[in-house]
Amino acid sequence: MTTDTEALQEAPPEARPIEIPRVLSVKELGDLMSVSPVEVIKELMKNGVMASINQVIDFDTAAIVAHDMGFEPLEQQLAETAEVSVDRETGKPQIEEDPTKLVSRPPVVTIMGHVDHGKTSLLDAIREAKVAAGESGGITQHIGAYQVDYNGQLITFLDTPGHEAFTQMRARGAQVTDVAVVVVAANDGVMPQTKEAIDHAKAAGVPIVIALNKIDLDDANIDKIKSELSENGVVVEDYGGETPCVPVSARTKVGLDDLLANILVVSEVLDLKANPDRPAIAIVVEAELSKTKGPLATLLVKTGTLRAGDYIVVGETSGRVKAMHDEAGKKLKQAGPSEPAEILGLASVPKAGETAVVVADDKIAKQTVIDRIRQREAADLNAQPHVTLDTLFGEISAGKLKELNIILKTDVQGSIEPIRQSLEKLTNEQVKVKIIHTGSGSVTESDVMLAIASKGIIIAFNTGTEGGAERIGQQEQVDIRRYSVIYNIIEDVDKALKGMLEPTFKEVVTAHAEVRQVFRVARKNSIAGAFVRDGTITRTDSARILRNGAVIADGKIGTLKRFQEDVRDVATNFECGIQIDGFDSFEENDVIEFFRIERDT
Ligand code: GDP
């Protein structure tokens, strides 16, 4: 028996346990502890977090505050929404499968390749020849994916061709493609987008099957293309490599069976499996608002079985599956792994690449949506910038990073190899320097997407950045480094790898303008009549002039005018007169990229 005095001595300082949700607002945390939100804000400030009363904080932050205020924080278990747990760092659903219930599932295929090489024609030819539903005669409609039956085996094709859609999905954390078919026109060859498709598929670790299309044409030259593929890192089977290369013609339908057979061979190695006997987890491949039917979304089931009548959370919206259709418009009662279905009944339109999960009822669906929104807000709040050269060493030291993925864009093709080789030589024991994509020309949206999806950085050597790419890059905090001297690239990356790179200054691109007219005002002075394509030009910005994608000059803005008047700034879609110090040879169609240097924090 313990006496009262003993008990007093042994008792720990009183810490009242409180259950804290994974995410909550500052006010809610105050309510939980019965203290004023101001107290919570003060406590947060002591811990270096500036927050307002409605700001959402995550459990870890709330726990520190609660602990400091004399509570014992316990993480609230959300049993009702635990059917799929979402990885806190990546936001991806973690699918735990019962290994005894796994069965084979069809492969999911994306068709990629250069424009006009026949991606759409090939998708159409395969669909016409082999649609699984078999009941042709009905009008097929594009829902984003379809399935074909080849000798009793199913293959799912994503109906939006191209590596852009593929990498955009990956950037949102979803990878649905198992096999990439890269189409190369046999009368043409490996073109810039062929190379992009190859690099994007490789960066995702997705095996490639080459479809050598248009072999019906007289000028088809199969050997030339096979050797070009080798030069670009894809060694086809009859050159001793592992990549199948199938001659086809989308026009005459030659080789289609062979292509499907090869896709199946490649997928067999992947040993694709899922458990049809569980509530479905699916990925949105396409979504739109129909004027007559409301939000429509095509879901591709990853695992489980989706049924009409299921309650479902899709991205940050929810609903009940009122009806499901395949691409022939046929009503489906259910859809199993790798099967696409267009569903009706969501409250709003989700985004491609978002995850859908089936839950038990409407209440849980709504609660899960709230939970997801809050989790995202909390994640946004604590958002870690993507890999940057400045933070690289920290990540390497913490063992978080084993590879530095680099996308290298240069003004001319000839600069690529020397830079690539010097960079790859910087590989050391802790980290491998990997150039995942190279190309000449400006940094594009597709490059930025690849950097996001592969957690990489972009190096732009003597080349600009397209407006859209700059915008997404800034939003997503992708490190786009611009250089004009090769030595500086190598030195920076080397220093970054060794943790010696001083956080310096970064360049922020503020606007792009297109030169539409050139006015010569004096012998050594010309003014560009320009149209602002994106962003806002500010008088104090610096500028570089791009001709055909390559930087030809740079300097400070000398004058910035609208209608003869000096102005401080000019916004998107306005015209203006610009003169750049030390540059007097504008030509029509030059692009002026404006930037300023900011301290990198
Ligand atoms: P995409 O831009 O890659 O989707 O290419 P398309 O499918 O739109 O095809 C581009 C052009 O090539 C179209 O005019 C097609 O008719 C043509 N085409 C596609 N496949 C073949 C083929 O196998 N043989 C021939 N001769 N022409 C083809």
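I will try to describe carefully the structure that is included in this document.

Calculation notes
Residues numbered from 1 in each chain as written. Predicted model: local features only at pLDDT ≥ 70, side-chain atom pairs only at ≥ 80, totals over all residues. Heavy atoms only, no water. Core = buried A, V, L, I, M, F, W, Y, C linked by side-chain atoms within 4.5 Å. Buried < 20%, exposed > 50% of the residue type's maximum accessible area, 1.4 Å probe, protein only. Helix = DSSP H or I, 4+ residues; strand = E, 2+ residues; numbered from the N terminus. Axes fitted to C-alpha atoms, helices over the stretch in contact; angles between N-to-C directions. Parallel < 35°, antiparallel > 145°, perpendicular 65-115°, else oblique. Left-handed = near helix turned anticlockwise from the far one by under 90°. Contact = heavy atoms within 4.5 Å. Nonpolar A, V, L, I, M, F, W, Y, C, P; charged D, E, K, R; others polar. Arc of directions from axis to C-beta. Phe/Tyr/Trp six-rings, centres within 6.5 Å; stacked < 30°, edge-to-face > 60°. Polar contact = N/O pair within 3.5 Å; in protein donor to acceptor, adjacent residues only side chain to side chain.

1. Re the nonpolar core
Phase 1: Counting 25 residues, the largest nonpolar core has Leu122, Ile126, Phe157, Val181 and Leu259 as its most contacted members.
Phase 2: Of all the secondary structure elements, the ones that give two or more residues to this core are β8 (108–113), α5 (119–130), β9 (145–150), β10 (153–158), β11 (179–185), β12 (208–213) and α9 (256–270).
Phase 3: Counting residues in each nonpolar core, the second largest holds 24 residues, with Leu401, Leu408, Leu426 and Ile457 among its members.

2. Quick word on the environment of Ser227
Phase 1: Locating Ser227 in the fold gives a position in helix α8 (residues 222–231).
Phase 2: In this structure, the C-alpha to C-alpha distance between Ser227 and Pro279, residues 52 residues apart in sequence, is 47 Å.

3. Description of the environment of Lys224
Phase 1: Topologically, Lys224 is positioned in helix α8.
Phase 2: Between the alpha carbons of Lys224 and Ala186 there is a distance of 8.5 Å; along the sequence they are 38 residues apart.

4. Notes on the packing of helix α6 (residues 163–171) against helix α7 (residues 192–203)
Phase 1: At their nearest, the axes of α6 and α7 sit 10 Å apart, and the two run at 25° to each other. As far as their axial angle goes, α7 and α6 are roughly parallel. Our pair here, α6 against α7, has a crossing hand that is left-handed. Contacts between α6 and α7 involve His163, Phe166, Thr167 and Arg170 from the former and Gln193, Glu196, Ala197, His200, Ala201 and Ala203 from the latter.
Phase 2: Among the residues making up the contact of α6 with α7, the classes are represented as four nonpolar, four polar and two charged.

5. Examining helix α2 (residues 26–33)
Phase 1: Listed in full, the buried residues belonging to α2 are Val26, Leu29, Gly30 and Met33. Down the axis of α2, the buried set is contained in an arc of 100°. They therefore lie on one face.
Phase 2: Where α2 is buried, its residues meet β1 (16–20), β2 (23–25), α3 (37–46), β3 (56–58), α4 (59–68) and β4 (71–75).
Phase 3: Among the residues trailing α2, Ser34 stands out with phi positive, at a value near 55°.

6. Describing the packing of aromatic side chains
Phase 1: Applying the stated criterion to the full structure yields two aromatic pairs.
Phase 2: Each ring, one from Phe583 and one from Phe586, has its centre 5.0 Å from the other, and the planes form 85°; the classification is edge-to-face. Of the two residues, Phe583 and Phe586, both sit in the buried class.

7. Looking at the side chain of Arg127
Phase 1: In this structure, Arg127 sits in helix α5.
Phase 2: The class for Arg127 is buried, based on a relative accessible area of 11%.
Phase 3: Polar contacts involving the side chain of Arg127 include one to the side chain of Asp124, which spans 3.0 Å.
Phase 4: The residues contacting Arg127, other than those within four sequence positions of it, are Thr140, Tyr146, Asp159 and Glu327.

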